[in-house]
Amino acid sequence: MSIQNTLIIDKKANFYKDVFELVMLIPEGRVTSYGTIAKYLGATRSSRLVGWAMNLSHTHDQYIPAHRVVNRQGLLTGKMHFPTPTTMEELLNAEGVIVINDQVQNFDKIFWDPFIELG
DNA sequence: CTCTTGACTGGTT
DNA sequence: GAACCAGCCAAGA
């Protein structure tokens, strides 16, 4: 195990950790996108990794509100990965987010931008 | 080790 | 606006 490999492993671990922490900062009733998270973490072209991180979120100790993360169009593309196909929409509805046909309503209004919210 | 598969995005047609 | 394509990168077969 070289020092370089160690650094790479740490980097990967930090990326997932950062994703989880950022997602947990999303307020109720607000949503953001995978790409935005990736961009904020300096991995603009690696939005798929954010999706993969969400896939691993269930292994995380703390609760990750992955339902507040949708794609750039505001579509619930990840709803299949919840306990039931309707869980994601139900969670959002419970927070006051209206979802019609997998599309978040007023998406541009409730969109949560870390660059603006966190500076 | 190679090949496929995505909880994605941006640009092009 | 819809459909298609290329770049991205971590798992799993």
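If you're wondering where the values come from, they're calculated on a predicted model, not measured in any experiment. (Residues numbered from 1 in each chain as written. Chains lettered and ligands numbered in written order. Predicted model: local features only at pLDDT ≥ 70, side-chain atom pairs only at ≥ 80, totals over all residues. Heavy atoms only, no water.)

(A) Region of interest: the overall build of chain A. Looking only at helices and strands, chain A features 6 helices and 4 strands. Secondary structure elements in chain A, listed N-terminal to C-terminal, are α-β-α-α-β-α-β-β-α-α. Within chain A, the proportion of its 119 residues that are buried is 37%. Long-range contacts, defined here as pairs at least 24 residues apart, represent 67% of the contacts in chain A between residues at least 6 apart. Accessible surface computed for chain A: about 7500 Å², of which carbon and sulfur atoms make up 54%. (Helix = DSSP H or I, 4+ residues; strand = E, 2+ residues; numbered from the N terminus. Buried < 20%, exposed > 50% of the residue type's maximum accessible area, 1.4 Å probe, protein only. Contact = heavy atoms within 4.5 Å. Areas by Shrake-Rupley, 256 points an atom, 1.4 Å probe, with all protein chains shown as cover.)

(B) Quick peek at the layout of surface pockets. Within this model, the largest pocket holds a volume of roughly 510 Å³. Forming the boundary of the largest pocket are 22 residues, of which M54, N55, S57, A66 and H81 lie nearest the centre. Among the secondary structure elements, those contributing two or more residues to the lining of the largest pocket are helix 3 (47-56) and helix 4 (87-94). The class makeup of the residues in the lining of the largest pocket is 11 nonpolar, 10 polar and 1 charged. (1 Å grid on protein atoms, 1.4 Å probe; cavity = no way out; pocket = protein on both sides within 12 Å on 5 of 7 lines; lining within 4 Å. Points joined across faces, edges and corners; volume = space filled by probe spheres on them. Nonpolar A, V, L, I, M, F, W, Y, C, P; charged D, E, K, R; others polar.)

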